Amino acid sequence: MILFRYSKTDGAEFISHLDMLKDLSRTFRRAGIKVGYSLGFNPHPLVYMSAPIGVGVKSYSEYCLVETDEPPDSFKEKFNAFSRKGIKCTGAWATDKKVGVASEIVKAEYFVTGLSDFDPEEVVGKPFIITDRNGNEKDVSPLVYKIEKTDGGIKCVLGFGNGIRIEKFVKNLADRYGGENVEAVKTRGLTSDEREFEETLR
Amino acid sequence: MELSEKLYGILKTVEKPARYIGGEYGERDLKPDRLNYCICFPDVYEVAMSNLSIRIVSEVINSVDGAICDRCFAPWPDFGDKLKENGVPLYSLGLKMPLKDFDMIGFTLQYEMSYTGILYMLDLAGIPLKREERGEDFPIIQAGGPCAVNPEPLADFIDIFVVGDGEESMKDLAELKLRCRTKSEFLEKATAIQGVYVPSLIEVKYDDKGLIAGFSGKYPIKKSLCRDLDSGAFPKKMMCPNVESVFERAVVEVMRGCYRGCRFCQAGFIYRPVRPRKPDTLVGQATELIKATGFGEVGLNSLSTGDYPYLRELISKLKSELPSDVKLALPSLRLDSFDGEFVQESKKNSLTFAPEAGTQRLRDVINKDITEEEVERGLKMAFDEGYTGIKLYFMFGLPTETDEDVEGICDIVDRIRKIYSADKARARNLRISVSASTFIPKPFTPFQWERQISEEEVGRKVGILKSRLFGRNTFVSWNDHALSEIEAVLARGDRRLGKVILSAYKKGCRFDGWTEHFKADKWNEAFRECGVDKKFYTREWGEDEILPWDIIDVFIDKSFLKRERKKAYAGEVTGSCKTGCKGCGLQRVFRCDV
């Protein structure tokens, strides 16, 4: 099996999770990367993706696990020769265990630009109420792990795939503190102990 | 080309924004050239990206030196409204260039209910809707596709129509445009190209009863004909859609035209003559497309793929040439061509068949040359293959239809159930869905003079179906009559409908083919305010009346259509071209290979 990390930018951030799954399968076929299929009535390619990222959020750190015998180096090369605009493999590793890309990547690091200056202390550890699409209010503060000012923006670590959406979080901050052309980019997909996911292979 | 910051912001607020960003895998790298053409599909991305004809046109235009072809589709209302609010003009997907900066814009007319979509797109682009209001500064608005055989309802909006096959005519048109300085020079010279109709050069006269009295100008306009489809333009690449689309497969066109001549079917006549491609050509195209796209399925498209003369050879060659996990899809299979070996390879849960009519008598009337035994044999084979669902298409209101024919639909359903349950090993219940649409008389068919039945008549027929079929694991659906009625009016419409279409659009009609957007009340208001009576168009027409589409010649003789109509009333089957030439008219201009 191959675990690989890819970036989703340059327009590709607008591709939905399900369409992305199809796109990956097509990329493998175009690239001549042989992928294992499930057994059963309707065989489907054995491709596992990390939890969905919001449509429109750029990412430099999406993960995918795929059943293939292709060695990592040639995988990366072939994939990038045939991937769509905005999708680029930035790392590939061989593994013989079926790592849980969806279940183990439970945190993510984002870089947020465009927000007006504010004190992170006012946010981290304080109730943070977000309204979901059904109009229910929810305190997501247990999923806000870290907010740090850095050059040109802020770096934050939030929960991933477990009830907090970066788009909502950032919009809330913008409503509270102001900002212009606020944008969050996912920079790292992390395990619960905040290691980059590929480190779990070692 | 990149998206502006403003647009980027809008995209984050709309549904499925990937429809508006281009950048698909397989997208051509375009640079503006001397002739910038934009092909437009007046419906949403998912529908447009599944269409083959716009890809053929793009291929043709892009092959002309100095010309490029970009594309643009109708934005879903949420995005359309936001574009308007923010003052962002509608733009092409490749170059992200405002539509109004193109030299020429071509709309494909695939179905009548997309006509308001044309006005919607022009409006969003900031282009005046009526051709008279567009001077030299605006692009030339062109249209083509199957509905162009009766171009008249759109004559107020379109500068130039291309009727018939686009393979050669569109190339000639692009080359001519490159040589012309002004719009008027181009339009005048374009009439020399076969298939070209310029509505400003023809006038329609009416008599005091409102019937057409005649035309002035040069007509009939002969449709453009691609004589050698095998070497005709065909795209070697296709794009992989950014969002899930209606069809996501590599499509090859195995043949154009249909041998059958079902008397209600417009496609069966206007796409004549039948022109099959060679199996080797198709295998080459299919393998190249799969390599270029990574699709997992090849679609063998045509009006009746089961009639393709070299189907066995083609399928066995495809199976040996394509990667083993690539499936074949054969849409448009007729029941009688259903053969154990030819079964669809994709999901075997539901099968679609179109007997069209409930009794043998009525099937003879419409020249649907298929017998009950053939239907049953085909179905048994399908059930043996593991199908557990079946979709049946019928039509209400075909000429000579009686209640007995409607009862016949129920009888067919009963018989299918019996065939299915004859084998006790078939564990699951058979799901049957019966879909009945209202017959719409279409130009260039033997039924072009027929009336369309009324809402009350449809209601009664639906009642018969419901009383016999409801509840027994059978789903019955039928068309919204208001929609079928407007489709019928537009299909046989004349120039006087231009103002109705415009008024309906201004009242908010767009995406009329989508039930959730179709606004019957607004359409009816538009007809009333414009003083146009729908019944004038849905009535039975006289065979000696001058028809709005008499200005177009698709090489089918009117006398042949009249003969076919007579035979229909006598319940006589004409049968397929394969059983000998029936003299429809094409034989005078083309040597059909049957």
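Computed from a prediction, not measured in an experiment: that's the story for all the values here.

Conventions we followed
- Residues numbered from 1 in each chain as written.
- Chains lettered and ligands numbered in written order.
- Predicted model: local features only at pLDDT ≥ 70, side-chain atom pairs only at ≥ 80, totals over all residues.
- Heavy atoms only, no water.
- Helix = DSSP H or I, 4+ residues; strand = E, 2+ residues; numbered from the N terminus.
- Polar contact = N/O pair within 3.5 Å; in protein donor to acceptor, adjacent residues only side chain to side chain.
- Contact = heavy atoms within 4.5 Å.
- Buried area = accessible area lost by both parts, 1.4 Å probe.
- Salt bridge = Lys/Arg side-chain N within 4 Å of Asp/Glu carboxyl O.
- Nonpolar A, V, L, I, M, F, W, Y, C, P; charged D, E, K, R; others polar.
- 1 Å grid on protein atoms, 1.4 Å probe; cavity = no way out; pocket = protein on both sides within 12 Å on 5 of 7 lines; lining within 4 Å.
- Points joined across faces, edges and corners; volume = space filled by probe spheres on them.
- Pairing = 2+ DSSP bridges.
- Axes fitted to C-alpha atoms, helices over the stretch in contact; angles between N-to-C directions.
- Phe/Tyr/Trp six-rings, centres within 6.5 Å; stacked < 30°, edge-to-face > 60°.
- Buried < 20%, exposed > 50% of the residue type's maximum accessible area, 1.4 Å probe, protein only.
- Domains from an automatic or database assignment.
- Parallel < 35°, antiparallel > 145°, perpendicular 65-115°, else oblique.
- Arc of directions from axis to C-beta.
- Disulfide = S-S within 2.5 Å.
- Left-handed = near helix turned anticlockwise from the far one by under 90°.

A. Quick peek at the side chain of Arg510 of chain B. When you line up the elements, Arg510 of chain B lands in the loop between α16 (498–506) and α17 (520–530). At a separation of 3.3 Å, a polar atom in the side chain of Arg510 of chain B contacts the side chain of Asp81 of chain B.

B. Inspection of the interface of chain A and chain B at higher detail. If you look at the interface, chain A gives 21 residues, while chain B gives 29 residues. Taking both partners together, chain A and chain B bury about 2,100 Å²; carbon and sulfur atoms supply 48% of that area. Ranking the residues of chain A by area buried against chain B places Phe14, Arg26 and Arg29 of chain A at the top, with a combined share of 35%. Put simply, chain A and chain B have 5 salt bridges between them. Where chain A meets chain B, there are 13 residue pairs in polar contact (both at pLDDT 80 or more). Counting residues per element, the ones that place at least two in the side of chain A that touches chain B are α1 (17–31) and β10 (179–190) of chain A. For the side of chain A that touches chain B, the leading source of residues is α1 of chain A, giving 5 residues. Partitioning the side of chain A that touches chain B into residue classes produces 5 nonpolar, 5 polar and 11 charged.

C. The arrangement of empty space enclosed by the protein in detail. For the structure on display, the rule yields 9 cavities of 30 Å³ or more. By volume, the largest cavity amounts to about 90 Å³. Split into classes, the residues belonging to the lining of the largest cavity amount to 10 nonpolar, no polar and 1 charged.

D. Structural view of the sheet that holds strand β10 (residues 250–253) of chain B. All names here are of chain B. Here 3 strands make up an open sheet; going across it, the order is β10-β13-β14 and the pairing parallel. Lying at the two open borders of the sheet, with one neighbouring strand each, are β10 and β14 (327–329). With direction set aside, neighbouring strand axes in the sheet form an average angle of 25 degrees. Bridge count for β10 against strand β13 (residues 297–301) is 4 bridges, and the pairing is parallel. When the bridges of β13 are listed, Ala250 appears paired with Val298. Packing of helix α9 (residues 279–293) onto the sheet brings it into contact with β10 and β13, and relative to β10 it is tilted by some 165 degrees.

E. Looking closely at the packing of aromatic side chains. Summed over all chains, the structure comprises 26 aromatic pairs over all chains. For the ring pair Phe14 of chain A and Tyr8 of chain B, a centre distance of 5.3 Å and an interplane angle of 65 degrees mean the geometry is edge-to-face. With one member in each of two chains, Phe14 of chain A in the loop between β1 (2–8) and α1 and Tyr8 of chain B in helix α1 (residues 5–11) form a pair that bridges those chains. By relative accessible area, Tyr8 of chain B is classed as buried at 16%.

F. Layout of the pattern of salt bridges. Counting across every chain of the model gives 63 salt bridges over all chains. As a salt-bridge pair, Arg5 of chain A and Glu198 of chain A come within 2.7 Å of each other at their nearest N and O atoms. With a gap of 193 residues between them, Arg5 of chain A in strand β1 and Glu198 of chain A in the segment after β10 connect regions that are remote in the sequence. Exposure remark for Arg5 of chain A: the relative accessible area of 15% places this residue in the buried category. Given the relative accessible area of 9%, Glu198 of chain A is considered buried. Here Lys107 of chain A ties to Glu194 of chain A by a salt bridge, and the two come within 3.2 Å at their closest N and O atoms. Taken together, the residues Lys107 of chain A in strand β5 (residues 107–115) and Glu194 of chain A in the segment after β10 connect sequence positions 87 residues apart. In this structure Lys107 of chain A comes out as buried when scored by relative accessible area, which is 9%. Each member of the salt-bridge network shares a partner with another, and the members are Asp165, Glu167, Glu253, Arg256, Arg275 and Arg277 of chain B.

G. Here's a closer look at the domain arrangement of chain A. Residue and element names in this part refer to chain A. Looking at the assigned domains, one finds that chain A contains domain 1 (2–104) and domain 2 (107–191). The C-alpha-based centres of domain 1 and domain 2 are spaced at 27 Å. The interface is formed by 12 residues belonging to domain 1 together with 13 residues belonging to domain 2. Between domain 1 and domain 2 the total buried area reaches about 930 Å² when both faces are included, carbon and sulfur atoms providing 57% of it. Broken down residue by residue, the surface that domain 1 buries against domain 2 is led by Val57, Lys58 and Ser61, which jointly contribute 41%. Put simply, domain 1 and domain 2 have 2 salt bridges between them. Of the charged contacts, one joins Glu183 and Lys58 as a salt bridge, the two residues approaching to 3.4 Å between their closest N and O atoms. Inspection of the region where domain 1 meets domain 2 yields 6 residue pairs in polar contact (both at pLDDT 80 or more). If one sorts the elements of the side of domain 1 that touches domain 2 by residue count, strand β3 (residues 58–66) sits on top with 6 residues. Classifying every residue of the side of domain 1 that touches domain 2 gives 6 nonpolar, 3 polar and 3 charged.

H. Local environment of the packing of α1 of chain A against helix α2 (residues 72–82) of chain A. All names here are of chain A. Two elements in contact, α1 and α2, have axes whose closest approach is 9 Å; the angle formed by their N-to-C orientations is 105 degrees. Relative to α2, the element α1 is oriented roughly perpendicular. Mapping the contact onto sequence places Leu24, Thr27, Phe28, Arg30 and Ala31 in α1 and Phe75, Lys78, Phe79 and Phe82 in α2.

I. The arrangement of helix α15 (residues 481–491) of chain B in detail. All names here are of chain B. Of all 11 residues in α15, 11 are buried; the element is thus mostly enclosed. All of the buried residues along α15 are His481, Ala482, Leu483, Ser484, Glu485, Ile486, Glu487, Ala488, Val489, Leu490 and Ala491. Against the buried residues of α15 lie α5 (115–125), β17 (431–438), α14 (455–469), α16, α17 and α18 (534–538). For α15, the side-chain oxygen to backbone nitrogen distance between the N-cap and Ala482 is 3.1 Å, and the N-cap itself is Asp480.

J. Molecular detail of helix α4 (residues 77–85) of chain B. All names here are of chain B. Within the sequence span of α4, burial applies to Pro77, Phe79, Gly80 and Leu83. The buried residues of α4 occupy an angular sector of 165 degrees when the element is viewed end-on, so they sit on one face. Contact partners of the buried residues in α4: α1 and α5. Downstream of α4 by one or two residues, Gly87 has phi in the positive range, about 65 degrees.

K. Structural view of the pairing of β1 of chain A. Residues and elements named next belong to chain A. Of all 7 residues in β1, 7 are buried; the element is thus mostly enclosed. The alternating pattern of β1 places Ile2, Phe4, Tyr6 and Lys8 and Leu3, Arg5 and Ser7 on opposite faces, both of which are buried. Pairing analysis gives 7 bridges linking β1 to strand β4 (residues 87–94), with the strands arranged antiparallel. Pairing of Phe4 across the sheet is with Ala92, part of β4. Two elements, β1 and β3, share 6 bridges in a ladder whose sense is antiparallel. Residue pairing for β3: Arg5 is matched across the bridge by Tyr63.

L. Region of the structure containing the state of the cysteines. All names here are of chain B. In total, this model carries 0 disulfides over all chains according to the counting rule given. We note that Cys40 lacks a disulfide partner, and the nearest cysteine sulfur, in Cys38, lies 4.3 Å from it. For Cys226, which is in no disulfide, the shortest distance to another cysteine sulfur is to Cys592 and amounts to 14 Å.

M. Seen up close, the packing of α9 of chain B against helix α10 (residues 311–321) of chain B. Residue and element names in this part refer to chain B. Contact geometry for α9 and α10: axes closest at 10 Å, N-to-C directions at 35 degrees. Considering only the axes of α9 and α10, their crossing is right-handed. Contacts from Pro279, Asp280, Leu282, Val283, Ala286 and Thr287 in α9 reach Glu313, Leu314, Lys317, Leu318 and Glu321 in α10. The residue makeup of the contact of α9 with α10, split by class, is 6 nonpolar, 1 polar and 4 charged.

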